[in-house]
Amino acid sequence: MKTLFDEINLGGIPMRNRLVRSATFESGGDTEGRYDRKMFDLYRELADGGVGLIISGMVGIDRNSRISPLMVKAYDDTFVGQLRELTELVHGCGSRLVIQIAHCGAKVPKTDLGEPPLGISGLPGEGIREMSKEDISRLTDSFADAAARCKEAGADGVQIHAAHGYLLSQVLSPIFNKRADEYGGPVENRARLIFDVYKSIRRAVGDSYPVWIKINSSDLADGGLTFDESRWVCEQLSKTGIDAIEVSGGIAASRESSPARRVNDSQQEGYFYKEAVLIAESVGADTDVISVGGYRTPELLEQKLNEGNFKGLSLCRPFIAEPGLVNRWRSGKTERAKCVSCSKCFAPGGLSCKQKAV
Ligand SMILES: Cc1cc2nc3c(=O)[nH]c(=O)nc-3n(C[C@H](O)[C@H](O)[C@H](O)COP(=O)(O)O)c2cc1C
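Because the structure is predicted, anything quoted here is derived from the model rather than measured.

Q: How do you make sense of the overall build of the chain when you look at a structure like this?
A: Across its full length, the chain carries 11 helices and 13 strands. Over its C-alpha atoms the chain spans a radius of gyration of 19 Å, differing by no more than 12% from the 21 Å that the globule rule assigns to 358 residues. Referenced to the eigenvectors of the C-alpha coordinate spread, the extents of the chain come out at roughly 55 × 40 × 40 Å. Within the chain, contacts between residues at least 6 apart in sequence are counted, and of these 71% link residues at least 24 apart. Total accessible area computed for the chain in this model is approximately 14,300 Å², and 48% of it derives from carbon and sulfur atoms. Positive and negative side-chain charges of the chain, numbering 46 and 48 respectively, have mean locations separated by a distance of 3 Å.

This is the structure in structure tokens:
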């Protein structure tokens, strides 16, 4: 019988329990893309609050990757020193830290150099430039460099962001990827860039450093990535040594395709649970699977853990409302998380719970 509070090794990282803070973009950089001091307070509160592992909000791998000037630059000279400080803080509170490395692609409103944003395919009318082979080669190098910096800073691992309609998610999606070369067409081709990024990171950090990925189990949109395609990509990544896969979904094109949905009752909790179970069955013991999406009630979390063969559970919005949620549950106060999934936390003005009722 698995419990939420089992000490486990998740994707190569020993943890005090099975609960993960899913990546949450904190708008936590100052205007130079360096960690703001408020970020350190936020991470201290989370780690003190008992969570087993924190996945950072996405950090930008290069000069055209950041969705906002407040996104931390993994390529800034100060990144390693700042991240070392953050990692030591999190470790000092008994938690673990994985850094989510990302390229926001066509979603970037303005690149650092004022150049047109990059897309896997071009959208000239919208000012999106199609990636050339040189861009692709630079991208794989930049992901590898970012991962190497995270390792140098002592972070416990990295997570490649390949979900929710950002660049590596668009790469997999026929809605966005219209290329006619070896990076477009059938899923074997569309996944090539993700495989290249993963291999490049692996070469940079070595075989034993934890490399995770967050991936869409499907795009939840007509003509988008399907579940069978996603499962195939996960199987290939598992065969080449990825340590953990966090199973999400949706490209946020509509309310139905949102990765962060309303959760009104326990029936709606764990809305990508089925997909996580099937992917865990496909990849077997070689790769750990983490299920994310709408988990709120501890009894239900434990039930899902025991019905499916995945290892970790991750939550995002509940930790914005209650950074001390894990300690609360652990102390026996097992009421449902206070988060009402209104998603007002996405609103501008810094990361906080903006639902007055909470
Ligand atoms: C404010 C906010 C910021 C988020 N930032 C990220 C991010 O940087 N990277 C990511 O992969 N997912 C991000 N997500 C999605 C969450 O990690 C998670 O997949 C989703 O919210 C569902 O989990 P939940 O129901 O526990 O909130 C974000 C969600 C919210 C609400």
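Q: Help me understand helix 1 (residues 37-48), please; the structure alone is not making it clear to me.
A: The end-to-end C-alpha distance of helix 1, which contains 12 residues, comes to 17 Å, matching closely the 16 Å that a straight helix rising 1.5 Å per residue would cover. Of the surrounding elements, those touching the buried residues of helix 1 are strand 3 (19-21), strand 4 (53-55), helix 2 (79-92), strand 6 (96-102) and helix 10 (317-321). Its side-chain oxygen 3.0 Å from the backbone nitrogen of K38, D36 forms the N-cap of helix 1. The positive-phi residue at the C-terminal boundary of helix 1 is G50, with phi of around 100°.

Q: Please clarify how the nonpolar core should be interpreted in this entry.
A: One broad trend across soluble globular proteins is that nonpolar side chains are buried collectively. By size, the foremost hydrophobic cluster in this structure holds 82 residues, and its most contacted members are Y35, L83, I101, I160, L168, I201 and F310. Those residues in contact with I160 that sit more than four places away from it in its chain are I101, F143, L168, V197, Y198, I201, V211, W212, I213, K214 and I242. Residues L10, A23, A244 and I290 belong to the second largest nonpolar core, which totals 12 residues.

Q: It is not clear to me how the packing of aromatic side chains should be interpreted in this structure. Could you clarify?
A: For any pair of aromatic rings, the description rests on two quantities: the centre-to-centre distance and the angle between the ring planes. Across all of its chains, the model carries 5 aromatic pairs by this definition. Summarising the aromatic geometry, the rings of Y35 and F40 are spaced 6.3 Å apart at their centres and angled 75° between planes, so their arrangement reads as edge-to-face. When the centroid spacing of 5.9 Å and the interplanar angle of 80° are considered together, the rings of Y273 and F310 count as edge-to-face. Residue Y273 is located in helix 8 (residues 273-283), and its partner F310 is located in the loop between helix 9 (298-307) and strand 13 (312-315); the two are separated by 37 residues in the primary sequence. Its relative accessible area of 13% is what places Y273 among the buried residues. According to the relative accessible area criterion, F310 is buried, its value standing at 1%. One aromatic cluster is present, formed by Y35, F40 and F79 through successive ring pairs. A cation sits over an aromatic face here: K2 above F310, 6.0 Å from the ring centre. Over the ring of F40 we find R37, and its NZ or CZ is 4.1 Å from the ring centre.

Q: It is not clear to me how unusual backbone geometry should be interpreted in this structure. Could you clarify?
A: What is expected of a backbone is that most residues other than glycine have negative phi and most peptide bonds are trans. Phi is positive for L220, which is not a glycine, with a value near 55°. If you check the backbone angles, S341 has positive phi at about 60° while not being a glycine. A relative accessible area of 2% means that S341 is categorised as buried.

Q: Explain the packing of helix 3 (residues 133-152) against helix 6 (residues 192-205) here, please?
A: The description of two packed helices rests on the angle between their axes and on the distance between the axes. One way to put it is that helix 3 packs onto helix 6 with a least axis distance of 8 Å and a crossing angle of 40°. With respect to each other, helix 3 and helix 6 are oriented oblique. The handedness of the crossing between helix 3 and helix 6 comes out as right-handed. On the side of helix 3, the interface is formed by I136, L139, T140, D141, F143, A144, A147, A148 and K151, while helix 6 contributes L193, D196, V197, S200, I201, A204 and V205. Each residue belonging to the contact of helix 3 with helix 6 can be placed in one class, and the counts come to 11 nonpolar, 2 polar and 3 charged.

Each value, and the rule that gives it
Residues numbered from 1 in each chain as written. Predicted model: local features only at pLDDT ≥ 70, side-chain atom pairs only at ≥ 80, totals over all residues. Heavy atoms only, no water. Helix = DSSP H or I, 4+ residues; strand = E, 2+ residues; numbered from the N terminus. Rg over C-alpha atoms; globule rule 2.2 N^0.38 Å. Contact = heavy atoms within 4.5 Å. Areas by Shrake-Rupley, 256 points an atom, 1.4 Å probe, with all protein chains shown as cover. Lys, Arg positive; Asp, Glu negative; His and termini not counted. Charge placed at Lys NZ, Arg CZ, Asp CG, Glu CD. Expected span 1.5 Å × (residues − 1). Polar contact = N/O pair within 3.5 Å; in protein donor to acceptor, adjacent residues only side chain to side chain. Core = buried A, V, L, I, M, F, W, Y, C linked by side-chain atoms within 4.5 Å. Buried < 20%, exposed > 50% of the residue type's maximum accessible area, 1.4 Å probe, protein only. Phe/Tyr/Trp six-rings, centres within 6.5 Å; stacked < 30°, edge-to-face > 60°. Lys NZ or Arg CZ within 6 Å of the ring centre and 35° of its normal. Axes fitted to C-alpha atoms, helices over the stretch in contact; angles between N-to-C directions. Parallel < 35°, antiparallel > 145°, perpendicular 65-115°, else oblique. Left-handed = near helix turned anticlockwise from the far one by under 90°. Nonpolar A, V, L, I, M, F, W, Y, C, P; charged D, E, K, R; others polar.

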